[in-house]
Amino acid sequence: MAATDPTPTPARAHPARSRPDARPMRLVIGAGGLAAFSALAAAIVLPPTPAPSATADTQQANVAPTGTPIDVQRPIQYVQLQPGQTAPPGATVIDPAAPTPMTIVVTITAPPAPAQKSRVIRTTQSGKVLP
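Let us look at the structure shown here.

What counts, and where the lines are drawn
Residues numbered from 1 in each chain as written. Predicted model: local features only at pLDDT ≥ 70, side-chain atom pairs only at ≥ 80, totals over all residues. Heavy atoms only, no water. Helix = DSSP H or I, 4+ residues; strand = E, 2+ residues; numbered from the N terminus. Areas by Shrake-Rupley, 256 points an atom, 1.4 Å probe, with all protein chains shown as cover. Expected span 1.5 Å × (residues − 1). Buried < 20%, exposed > 50% of the residue type's maximum accessible area, 1.4 Å probe, protein only. Patch = residues over 30% accessible without salt bridge, like charges linked within 9 Å, V, L, I, M, F, W, Y side chains within 5 Å. Salt bridge = Lys/Arg side-chain N within 4 Å of Asp/Glu carboxyl O.

### Concerning the overall build of the chain
Next up, step 1: The helix and strand tally for the chain stands at two helices and zero strands.
Next up, step 2: Looking at the chain as shown, the accessible area adds up to about 14100 Å², and 62% of this sits on carbon and sulfur atoms.

Right, here's the structure in full:
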């Protein structure tokens, strides 16, 4: 009669496992995704900013058009030595009694280029050059 009994017999009863709560990790993953999305959106929407330069020399170098060399004059630091002191190796020593040096810049203009003689080349429609 056990086979025709309408009430099922319970299988082995085992205690229900306790699962960890997923809500805190869902919040962390959602916040990370939102931060990544906002960083990508800001990178796409905002225009690029130029890199900061450290000194004024590099700012002048960045302003020059391409292909043009720039002469950058570094400031000269003069030090007056006390009696008995010697200049460090490689330093230029200027005698205080010597006259001040002068720099003269002379600009020489190039002579005008000779005018080129125009030459007419006659061709046919197919590109053959006529004498």
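Continuing now.
### Focus on helix α1 (residues 23-45)
Next up, step 1: For α1, with 23 residues, the first-to-last C-alpha span of 33 Å sits near the 33 Å given by 1.5 Å per residue.
Next up, step 2: In terms of burial, α1 is largely open, as just zero of its 23 residues are buried.

### Thoughts on a nonpolar patch on the surface
Next up, step 1: Together, Met25, Val28 and Ile29 line one region of the surface with nonpolar side chains, adding up to about 320 Å² of accessible area.
Next up, step 2: You can see valine 28 is positioned in helix α1.
Next up, step 3: A relative accessible area of 52% places valine 28 in the exposed class.

### Notes on the pattern of salt bridges
Next up, step 1: Tallied over the full model, the rule gives one salt bridge.
Next up, step 2: Ionic pairing is found between arginine 23 and aspartate 21, a salt bridge with its closest N-O pair at 3.0 Å.
Next up, step 3: Taking relative accessible area as the criterion, aspartate 21 reaches 47% and is therefore assigned partly exposed.

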